[in-house]
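Descriptive structure summary
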Amino acid sequence: MSLLVDWGVVATLPGDLPLDDILQVGDALLAAPADGVLFTTDGGDWATAVSDLVQRAKTHMRVGVSGRGTPATIRLAAEAGAQFLVTPVFDLAALTACRHHNLLYLPYLSDEAELQEAFLDGAAAGVVADLALVQRAKQLEENGVLLVAGKASDTAGSDFLQAGASGLRLSDALFTGPEQKMADLITRVRTFRQQWLEP
């Protein structure tokens, strides 16, 4: 599975997901299928969660982390087997560290100035929420990875994909907790895929 194309839907999960739930949730996301999973680094043993899901998903689903791009976070993410890192802002030191650890770096880019700074500094990827930014990024880096920060309620998925977006970084909460039925999780992922990936 290439990291540069066909990202599809990337679901976000809490980093403090109980370890007992990881395999069950991972199986549901693989069955849906979700194309990627993003663990937040805001609590719990997120590195173990990432490692467990990487082993479970093998090559069928990308696994990444979202949080501050500190050297410790990047090192732990790489050691856990994560493939990409999403950060709230662009940081050149984080880009350099991610390259060192063979992680794809995906900073949030909120306007054209941030986009140009990141791409001029050597980034070829990012997370955006604006159609014009997708179009501008493709002018700067034709083969760049662009995830759209979106919600299931958004209806312009096909517009973003036609403009060159690689996929959707879903900001809706898919996993609502241990009481959620896995069939519901699978249905929600499939609904998001249909809304975003089908014209």
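Preceding this paragraph is the structure being described.
Criteria and thresholds
- Residues numbered from 1 in each chain as written.
- Predicted model: local features only at pLDDT ≥ 70, side-chain atom pairs only at ≥ 80, totals over all residues.
- Heavy atoms only, no water.
- Salt bridge = Lys/Arg side-chain N within 4 Å of Asp/Glu carboxyl O.
- Helix = DSSP H or I, 4+ residues; strand = E, 2+ residues; numbered from the N terminus.
- Buried < 20%, exposed > 50% of the residue type's maximum accessible area, 1.4 Å probe, protein only.
- Core = buried A, V, L, I, M, F, W, Y, C linked by side-chain atoms within 4.5 Å.
- Contact = heavy atoms within 4.5 Å.

1. Observations regarding the pattern of salt bridges
In total, this model carries three salt bridges according to the counting rule given. In this structure, the salt-bridge partner of arginine 56 is aspartate 27, at a minimum N-O distance of 2.7 Å. Of the two residues, arginine 56 sits in helix H2 (residues 46-57) while aspartate 27 sits in helix H1 (residues 19-31), which places them 29 residues apart along the sequence. Arginine 56 gets classed as partly exposed once you look at its relative accessible area, which sits at 37%.

2. Focus on unusual backbone geometry
Residue proline 33 is reached from alanine 32 by a cis peptide bond, and omega for that bond is -10°. Looking at the secondary structure, you find proline 33 in the loop between H1 and strand E2 (36-40). A positive phi angle, near 60°, is found at asparagine 102, a position not held by glycine. By the element assignment, asparagine 102 lies in the loop between helix H4 (92-100) and strand E5 (104-107).

3. With respect to the nonpolar core
Ranked by size, the top nonpolar core spans 52 residues in total, and within it Leu13, Val25, Leu29, Phe39, Val50, Val134 and Leu185 carry the most contacts. At six residues, H2 tops the list of elements feeding residues into this core. Sequence-distant contacts of valine 25, defined by excluding residues within four places in its chain, comprise Leu13, Leu17, Phe175, Met182 and Leu185. Counting residues in each nonpolar core, the second largest holds 11 residues, with Leu104, Ala125, Val127 and Val145 among its members.

Honestly, it's all geometry; don't read function into it.
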